[in-house]
Amino acid sequence: KLDALLGIARLNFSPIFPAGAEAEISRMAASDNELYMLDATQGNILRAAVTGRGYEMDAAFDCKPGVYGNNTLGSLLDLLILPKVNILNASVLGVDAAGNLLYCAPGQVSKAFSLTPPTTNWGRVTAMTLDGNKLYVLDAPARAVWIYLDKDGVFTDSPLFFFGNQIPEIEDAIDIAV
């Protein structure tokens, strides 16, 4: 009766994967028909696709740390869904603590690019978010948020500092949203 008075509607819990995901999921991002999950233990991104029976893990999806051409990616620590139309045909973007980006899509070889470090260099990339053609990167230990502008689908130019003269105490921040 208290729920009714407070306008609370209780929902039945139903796990996405009845047998578990066999991963330590630290972040998730969903599109219309896909669920991407960051495995904090392995530092890679997992993918599940919507089926008629719920979600099904995509064992063939490959989006993990490693060497990609001239770029070496460490454990990924954040992810975000990319717009459906992008020049790299990627569906998800991951980042490591050193500012390396990994563009991934089902059935494709992942592509890696390094963000141009700020003039003060990185403390440690903590999180990122995308708004239109701007990538916002949180560097909590350095008390900084950096803005990268999209240039032909990648973020290659030097970043802009988000804050003015008053820089907030954000050393303990764990995420960012726009």
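Reading the values: the criteria
Residues numbered from 1 in each chain as written. Predicted model: local features only at pLDDT ≥ 70, side-chain atom pairs only at ≥ 80, totals over all residues. Heavy atoms only, no water. Helix = DSSP H or I, 4+ residues; strand = E, 2+ residues; numbered from the N terminus. Buried < 20%, exposed > 50% of the residue type's maximum accessible area, 1.4 Å probe, protein only. Lys, Arg positive; Asp, Glu negative; His and termini not counted. Salt bridge = Lys/Arg side-chain N within 4 Å of Asp/Glu carboxyl O. Polar contact = N/O pair within 3.5 Å; in protein donor to acceptor, adjacent residues only side chain to side chain. Contact = heavy atoms within 4.5 Å. Pairing = 2+ DSSP bridges. pLDDT = per-residue confidence, 0-100. Core = buried A, V, L, I, M, F, W, Y, C linked by side-chain atoms within 4.5 Å. 1 Å grid on protein atoms, 1.4 Å probe; cavity = no way out; pocket = protein on both sides within 12 Å on 5 of 7 lines; lining within 4 Å. Points joined across faces, edges and corners; volume = space filled by probe spheres on them. Nonpolar A, V, L, I, M, F, W, Y, C, P; charged D, E, K, R; others polar. Axes fitted to C-alpha atoms, helices over the stretch in contact; angles between N-to-C directions.

**Q** Got a sec to walk through the side chain of Asp 96? Specific residues and values, please.
**A** Mapped onto the fold, Asp 96 is located in strand β8 (residues 92–96). Put simply, Asp 96 is tucked away with no salt bridge, and the nearest opposite charge, on Arg 124, sits 9.4 Å away. In terms of polar contacts, Asp 96 uses its side chain to reach the backbone amide nitrogen of Gly 74, at 2.8 Å. Here the side chain of Asp 96 touches Gly 99 through a polar contact of 3.1 Å, landing on its backbone nitrogen. With residues near it in sequence (within four places) discarded, Asp 96 still touches Thr 72, Leu 73, Gly 74, Ser 75, Leu 76, Leu 77 and Val 125.

**Q** Explain unusual backbone geometry to me, and be specific about the residues and the numbers.
**A** If you check the backbone angles, Asn 89 has positive phi at about 55° while not being a glycine. A positive phi angle, close to 55°, is found at Arg 143, a residue other than glycine. Following the sequence through the fold, Arg 143 ends up in the loop between β12 (134–139) and β13 (144–149).

**Q** Run through the pairing of strand β11 (residues 127–131), naming residues and quoting values.
**A** Two strands pair when backbone bridges link them, and β11 and β12 are joined in this way by five bridges, in the antiparallel orientation. Pairing of Thr 129 across the sheet is with Tyr 136, part of β12. Two successive antiparallel strands, β11 and β12, enclose a turn made up of two residues, where Gly 132 displays a positive phi of approximately 65°.

**Q** Outline the confidence of the model for the chain, supporting the account with residue identities and numerical values.
**A** For the chain, per-residue confidence averages 92 on the pLDDT scale, and 99% of positions sit at 70 or higher. Per-element mean pLDDT across the chain ranges from 87 in strand β4 (residues 54–57) up to 97 in β8.

**Q** Kindly report on the nonpolar core, identifying the contributing residues and their values.
**A** Core analysis: the biggest nonpolar cluster contains 20 residues, and Leu 101, Tyr 103, Leu 115, Met 128, Leu 135, Val 137 and Tyr 148 have the highest contact counts within it. Residue assignment for this core shows that the elements contributing at least two residues are β7 (76–81), β8, β9 (100–104), β12 and β13. Of all the elements, β13 adds the most residues to this core, at three residues. Other than its neighbours up to four places away in sequence, Leu 135 contacts Leu 80, Leu 101, Leu 115, Met 128, Thr 129, Leu 130, Trp 146, Ile 147, Tyr 148 and Phe 155. Formed by 14 residues, the second largest nonpolar core is a distinct cluster that contains Phe 61, Val 92, Leu 102 and Cys 104.

**Q** Summarise the pattern of salt bridges; cite the residues concerned and give the values.
**A** Within this structure, the stated rule accounts for nine salt bridges. A salt bridge links Arg 27 to Asp 175, with the shortest nitrogen-to-oxygen separation between them at 3.0 Å. Taken together, the residues span a long stretch of sequence, with Arg 27 in strand β1 (residues 25–30) and Asp 175 in the segment after β14 (160–161) at a distance of 148 residues. Three or more residues are tied together by salt bridges with common partners; here these are Arg 27, Asp 78 and Asp 175.

**Q** Explain empty space enclosed by the protein to me, and be specific about the residues and the numbers.
**A** What the rule picks out here adds up to one cavity of 30 Å³ or more. In this structure, the largest cavity encloses a volume near 30 Å³. Contributing to the lining of the largest cavity are Leu 88, Asn 89, Ala 90, Tyr 103, Cys 104, Ala 105, Gln 108, Val 109, Ser 110 and Lys 111. Of the residues that constitute the lining of the largest cavity, the class distribution is six nonpolar, three polar and one charged.

**Q** Describe in detail the sheet that holds strand β3 (residues 44–51), supporting the description with residues and values.
**A** Each strand in a sheet pairs with its neighbour through backbone hydrogen bonds, running either in the same direction (parallel) or in the opposite one (antiparallel). Read across the sheet, four strands follow the order β1-β2-β3-β4 without closing on themselves; strand pairing throughout is antiparallel. What marks the edges here is a single partner per strand, and that holds for β1 and β4. Between one strand and the next, the sheet's axes are offset by a mean angle of 30°, whatever the strand orientation. Pairing of β1 with strand β2 (residues 34–39), which is carried by five bridges, proceeds in the antiparallel orientation. Its bridge partner lying in β2, Ile 25 is registered against Asp 39.

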